[in-house]
There are 4 protein chains.
Amino acid sequence: MSASKTFFQLDQAKQQAVVDTALSEFSEHGFHQASTNRMAQVLGIAKGSFFKYFGNKEGLFRYVFEHCKDLFSAPLRSIRAQTQGKDFFTRVEQSLLAGLAFIQRHPRVYRLYIKMLHQERFPLRETLLAEVRAASAKYLRSLVREAQANQELRPGLDQDAVVFFLDAVMDRFLLAHTLAFMDADLGLFQADQETTRHHLAQLMAIIRHGLADDGGTPFEETPHA
Amino acid sequence: MSASKTFFQLDQAKQQAVVDTALSEFSEHGFHQASTNRMAQVLGIAKGSFFKYFGNKEGLFRYVFEHCKDLFSAPLRSIRAQTQGKDFFTRVEQSLLAGLAFIQRHPRVYRLYIKMLHQERFPLRETLLAEVRAASAKYLRSLVREAQANQELRPGLDQDAVVFFLDAVMDRFLLAHTLAFMDADLGLFQADQETTRHHLAQLMAIIRHGLADDGGTPFEETPHA
Amino acid sequence: MSASKTFFQLDQAKQQAVVDTALSEFSEHGFHQASTNRMAQVLGIAKGSFFKYFGNKEGLFRYVFEHCKDLFSAPLRSIRAQTQGKDFFTRVEQSLLAGLAFIQRHPRVYRLYIKMLHQERFPLRETLLAEVRAASAKYLRSLVREAQANQELRPGLDQDAVVFFLDAVMDRFLLAHTLAFMDADLGLFQADQETTRHHLAQLMAIIRHGLADDGGTPFEETPHA
Amino acid sequence: MSASKTFFQLDQAKQQAVVDTALSEFSEHGFHQASTNRMAQVLGIAKGSFFKYFGNKEGLFRYVFEHCKDLFSAPLRSIRAQTQGKDFFTRVEQSLLAGLAFIQRHPRVYRLYIKMLHQERFPLRETLLAEVRAASAKYLRSLVREAQANQELRPGLDQDAVVFFLDAVMDRFLLAHTLAFMDADLGLFQADQETTRHHLAQLMAIIRHGLADDGGTPFEETPHA
DNA sequence: TATGAATGAGAGTTCATTCAT
DNA sequence: TATGAATGAACTCTCATTCAT
């Protein structure tokens, strides 16, 4: 688990405090701008302790990341099991709602992910992001595959294109509707709680019309220039 | 324009070189990891000059950003004018193609935007991003408004929701299909040149089905839990 | 003996292990670069134990040194006894051979001596080295005294000068011919096993010509400037 | 020369002060125990300046070393030229006297060499020492070669063995007779000024008897055990 | 008595910023 | 006005030593 025995021998409250403080620092400042000094000061522990626990800054980050991945994995498995057998669009909608709930409960975890996505290079960036993306893509792909098997989607749609489309729309929806829970203003469209419900309904309607098999293709393709 | 008189008294070539070098540095390293020392060395000017011209690192960044915004505004106005009178979905597709072309011509400008979007906190982040988003939203909103006036969109769709939807999908499409031009691997889906055309066709089909008035609403809304 | 009662109450095997590990560490890294943490880890004992046993790093070093001095003293006495009655130059040669044998058997002891000789300042350096040199000088002096009593050396040679001369030559010979057993490349001349014998013969010839009474002094002293 | 332009633009007095302080620090503490912080404090300059001048601690060390090598090279060439044509033993004696003079004038240079010889590993150790040894060996070897050409040495003596012998004896002589000028007590035999002259005469006599062609070999080789 | 977690001074290094020239 | 040497706070990381358990 990339932390030393010493760390795991700390009492739970202290372990929690360390991870909590580090998560705050990393999610607020990213990797390079995060300061181990500052974390130590906030925690009231010696600077050297981090290095006893995690070897170096990178080890600390990796541990925090693993912690976040664990937090994230459980709900993902749970929502998939709970919606087994329901129609594709209901499953998508439930996924969005589950995503909203997770982010409301763990805003810093989500912000850390956001920070990692586009931040400057740091040691484990590619490796760690690949893990997240793989989990997310695998989940969506399984939903799409089952939907295609059940002939819920319009014929002629690429699996890749659909996954990409859903990933983009859902990701952006979550971002827009959870910014209020994060202290960072990313300059994007932000919804208040009240409009989220309505917005979700609209989005789901678009997705349905966009992807569902409606028994015909009334539009002709535009020729490219 | 956030630069001193001194700077504008430099000959054009030198002004250009300063902006160019700074754009490279910021787009490659973000704000904090960018090094004024390195820029000065590359330019062959004194470190102190930056501070004479722009006050501090933040001022330099702001100036570079303004420059990028100018680069970006012209094509946006141009594409809008060129597609005047065409149907909504054609305009959307042309916008995507124009976006692709812009990013191929100015990869560093786009990468700077990507870096800004989610990177570590830096002084002007929110202000600057808001300007970008405002320009983009304004553009899309005008397209959607005209489309609704021409009854090209399905009745019952919120303007806000449509704008949000388009913004999300188009943004993600551009990112996925231009990563090849940038040296950053963001861990996201990346298309090679050959698949871009096909992917664009698929995406446009989804958008059409999702938004166009097809003379009926075959789906009922899902009740929320 | 510079260690606490606590240490001597440990069983012999453990005491031995502590000295052995510390000898390895000090002979490999010198004093300051040696790490008490590393030693404790290798031994599988608590870091605090060293400080209980020896007070501090310096105390540990002193103890290891005493141990080495004991190892060294026995062979020195032994070779002196064994060569009693032989001619001076034979005794010198036997001493060199004994030195070679000792270093082959105890390379770490010799390397520790080498490290101490000229390494960075550390607390007991002068005191400890003086002890080694005293033992060595005393041994050589007794050999020379007896040789002069037996009129084996050329008249007019100072005892001090002869002792100094022998000390220098023998020390360097041992160093050059045992570097192969140590992992340190000191940048000096290094002999392989095969040339050692030949080199020893040459050196002994020089020493004999240089020191033995040959019944005349064919050279006149050069006047100094 | 391994230092930046910045350094060479300092006025001579300051350059001198920097090298001087660094030489003191390195010759006193070796490489790893030397502290750039301490040097900066002694000099009354900022810590960062060293890194501007020399890149890192290793660069500083290398520069100091080069400086010392320059100091050392001139007298070596000079003494060789001055003694051209004199007999071998005179040249050796003059070399010793020149060595004494050099060390009296530059005790820290000599101590640095001594420190380097046996200290813990540091980055450039082998490279730098090789340079010193090469210069020294080359000098002695040329003397010995000429002596053999002039039939000044006893037949049957290996060139290698003679060079080794001279190197050992001269090195030790210089060490013993210059320790008084260095603040480090290396635990070796130390001569005061008054005895140096006498000691040198004795040593030269031994060397002469040991190496010179005396027209016969009155000693038989001892058989080895 | 033995432990090993905690400490914190100090290490080398970086870099935005200042200011005398 | 332009310069670039100097600054010094802040960075990550190490390790001998202490002390509560």
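Once a new chain begins, its residue numbering starts again from 1 and follows that chain's sequence as written. Just so you know, chain letters begin at A and ligand numbers begin at 1, following the order they were written in. Local features are withheld for residues below a pLDDT of 70 in this predicted model, meaning they are given only at 70 or higher, and side-chain atom pairs are given and counted only at 80 or more; totals for whole chains, interfaces and linings count all residues. Computation of side-chain values covers all heavy atoms of the structure but excludes hydrogens and water.

## Concerning the overall build of chain A
Each helix and strand in chain A was counted, giving 10 helices and 0 strands. For helices the rule is a DSSP run of H or I covering at least 4 residues; for strands it is a run of E covering at least 2, with both sets numbered from the N terminus onward. Tracing chain A from N to C terminus, the helices and strands come up as α-α-α-α-α-α-α-α-α-α. Any residue under 20% of the maximum accessible area for its type is buried, any over 50% is exposed, and the rest in between are partly exposed; the area is computed with a 1.4 Å probe on protein chains only. Here chain A holds 225 residues, and the buried ones make up 52% of them. Whether two residues touch is decided by their heavy atoms; if any such pair falls within 4.5 Å, the residues are in contact. Once local pairs closer than 6 in sequence are excluded, the contacts in chain A between residues at least 24 apart make up 67%. Only the protein chains shown count as cover for residues, and all accessible areas are computed by the Shrake-Rupley method using a 1.4 Å probe. Only carbon and sulfur atoms are counted for the fraction: they give 51% of the accessible area of chain A, which is about 10000 Å².

## Description of helix H9 (residues 159-178) of chain C
Residue count minus one, scaled by 1.5 Å, sets the expected span of a helix. Taking 1.5 Å per residue as the helical rise, H9 of chain C with its 20 residues ought to reach 28 Å, and the 28 Å between its terminal C-alpha atoms agrees with that figure. In terms of burial, H9 of chain C is largely enclosed, as 18 of its 20 residues are buried.

## Remarks on helix H10 (residues 193-211) of chain D
Owing to its 3.6 residues per turn, the α-helix brings residues three or four apart onto one side. When the terminal C-alpha atoms of H10 of chain D are compared, their 27 Å separation across 19 residues agrees well with the 27 Å that a helix rising 1.5 Å per residue should span. In terms of burial, H10 of chain D is a largely internal element, 14 of the 19 residues being buried.

## Quick notes on the protein's contact with DNA strand E
Only a single heavy atom is needed: when it lies within 4 Å of a molecule or strand, its residue is near that molecule or strand. Surrounding DNA strand E, one finds 36 residues, the nearest of these being Thr-6, Lys-47 and Tyr-53 of chain A together with Thr-36 and Phe-51 of chain D. Pairs of N or O atoms within 3.5 Å make up the polar contacts considered here, provided that, within protein, one atom can donate a hydrogen while the other can accept it, and that residues adjacent in sequence are counted only when both atoms are side-chain atoms. Here a phosphate oxygen of DNA strand E sits 2.8 Å away from a polar atom, N or O, in the main chain of Lys-57 of chain D. At 5 residues, the largest contribution of residues to the surface near DNA strand E is made by helix H4 (residues 47-54) of chain C. Classifying every residue of the surface near DNA strand E gives 11 nonpolar, 16 polar and 9 charged. Residues were grouped as follows: Ala, Val, Leu, Ile, Met, Phe, Trp, Tyr, Cys and Pro as nonpolar; Asp, Glu, Lys and Arg as charged; and all remaining residues, including Gly, as polar.

## Examining unusual backbone geometry
Positive phi values are uncommon outside glycine, yet Gln-151 of chain A reaches one of about 55°. By the secondary structure assignment, Gln-151 of chain A is in the loop between helix H8 (125-149) and helix H9 (159-178).

## Quick notes on the pattern of salt bridges
A side-chain nitrogen of Lys or Arg and a carboxyl oxygen of Asp or Glu constitute a salt bridge if their distance falls within 4 Å. Enumeration according to the criterion identifies 30 salt bridges over all chains in this entry. Where Asp-160 of chain C meets Arg-141 of chain C, a salt bridge forms, and the shortest distance between an N and an O atom there is 2.9 Å. Residue Asp-160 of chain C is found in helix H9, and its partner Arg-141 of chain C is found in helix H8 (residues 125-149); the two are separated by 19 residues along the sequence. Judged by its relative accessible area of 40%, Asp-160 of chain C is partly exposed. Each member of the salt-bridge network shares a partner with another, and the members are Arg-62, Glu-66, Lys-69 and Glu-131 of chain A.

## Description of the protein's contact with DNA strand F
Taken together, 37 residues sit near DNA strand F, with Asn-37 of chain A, Thr-6 of chain B, Thr-36 of chain C together with Thr-6 and Tyr-53 of chain D positioned nearest. What you see for DNA strand F is that sugar and phosphate hold 62% of its atoms within 4 Å of the protein. Between DNA strand F and Gln-9 of chain D, the relevant distance is 2.9 Å, taken from a phosphate oxygen to a side-chain nitrogen or oxygen of the residue. A class-by-class count of the residues in the surface near DNA strand F yields 11 nonpolar, 16 polar and 10 charged.

## Overview of the environment of Gln-84 of chain C
All names here are of chain C. If you trace the backbone, Gln-84 turns up in the loop between helix H5 (57-82) and helix H6 (88-105). For the pair Gln-84 and Leu-143, spaced 59 residues apart in sequence, the C-alpha separation works out to 9.5 Å. Setting aside its immediate chain neighbours within four residues, Gln-84 contacts Arg-91 and Glu-146.

## Section: the packing of aromatic side chains
Put simply, two rings from Phe, Tyr or Trp (the six-membered ring, in Trp's case) pair if the centres are within 6.5 Å, and we call them stacked under 30 degrees between planes, edge-to-face over 60, tilted for the rest. For the coordinates displayed, the defined rule picks out 56 aromatic pairs over all chains. The interplanar angle of 80° and the centroid separation of 5.2 Å between the aromatic rings of Phe-7 of chain A and Tyr-63 of chain A together place this pair among those described as edge-to-face. Taken together, the residues span a long stretch of sequence, with Phe-7 of chain A in helix H1 (residues 5-8) and Tyr-63 of chain A in helix H5 (residues 57-82) at a distance of 56 residues. Residue Phe-7 of chain A shares its accessibility class with Tyr-63 of chain A, and that shared class is buried. Here the aromatic rings of Phe-7 of chain B and Phe-54 of chain B are separated by 4.9 Å at their centres, their planes lie at 55°, and the arrangement is tilted. One end of the pair, Phe-7 of chain B, is in helix H1 (residues 5-8); the other, Phe-54 of chain B, is in helix H4 (residues 47-54), with 47 residues separating them in the sequence. Like Phe-7 of chain B, the residue Phe-54 of chain B is buried in the burial classification. Members of the aromatic cluster, each reached through a chain of ring pairs, are Phe-7, Phe-8, Tyr-53, Phe-54 and Tyr-63 of chain A. When the ring centre of Phe-31 of chain A is taken as reference, the NZ or CZ atom of Lys-57 of chain A above it lies at 5.0 Å. Placement of a positive charge over a ring is assigned whenever Lys NZ or Arg CZ falls within 6 Å of the ring centre and within 35 degrees of the normal to the ring plane.

## Remarks on the packing of helix H6 (residues 88-105) of chain D against helix H9 (residues 159-178) of chain D
Residue and element names in this part refer to chain D. Geometry is summarised by axes, namely lines fitted to C-alpha atoms with helices restricted to the contacting stretch, and by angles between N-to-C directions that run from 0 to 180 degrees. Two elements in contact, H6 and H9, have axes whose closest approach is 10 Å; the angle formed by their N-to-C orientations is 35°. H6 and H9 meet at a crossing whose hand is right-handed. Packed against H6, whose contacting residues are Phe-88, Val-92, Ser-95, Leu-96, Gly-99, Leu-100 and Ile-103, the element H9 presents Leu-166, Met-170, Phe-173, Leu-174, His-177 and Thr-178 at the interface. By convention the crossing between two helices is left-handed if the near helix lies anticlockwise of the far one by an angle smaller than a right angle, and right-handed if it lies clockwise.

## Some points on the packing of helix H2 (residues 12-29) of chain D against helix H3 (residues 36-43) of chain D
Residue and element names in this part refer to chain D. In contact at an axis separation of 10 Å, H2 and H3 are set at 140° when each is read in the N-to-C sense. With respect to their mutual orientation, H2 and H3 come out oblique. Once H2 is placed against H3, the crossing between them reads as right-handed. Counting all contacts with H2, which are made through Ala-17, Val-18, Thr-21, Ala-22, Glu-25, Phe-26 and His-29, the residues of H3 involved are Arg-38, Met-39, Val-42 and Leu-43. An angle below 35 degrees is treated as roughly parallel, one above 145 as roughly antiparallel, one from 65 to 115 as roughly perpendicular, and anything else as oblique.

## Description of the environment of Phe-26 of chain B
All names here are of chain B. Looking at the secondary structure, you find Phe-26 in helix H2 (residues 12-29). In this structure Phe-26 comes out as buried when scored by relative accessible area, which is 0%. Non-local contacts of Phe-26, meaning those with residues more than four positions away in its chain, are made with Phe-31, Ala-34, Met-39, Lys-57, Leu-60, Phe-61, Val-64 and Leu-112.

## A few points about the side chain of Asp-171 of chain C
Examined against the element boundaries, Asp-171 of chain C turns out to sit in helix H9. On the accessibility criterion, Asp-171 of chain C (17% relative accessible area) is buried.

## Notes on the confidence of the model for chain A
Residue and element names in this part refer to chain A. Each residue carries a pLDDT score, the predictor's confidence in it, ranging from 0 to 100. Summing up the model confidence of chain A, the mean pLDDT is 84 and the portion of residues at 70 or higher is 87%. The least confident element of chain A is H9, whose mean pLDDT is 82; the most confident is helix H3 (residues 36-43), at 95. Per-residue pLDDT stays below 50 along residues 217-225; that stretch engages in 15 contacts with residues further than four places along the chain or on separate chains.

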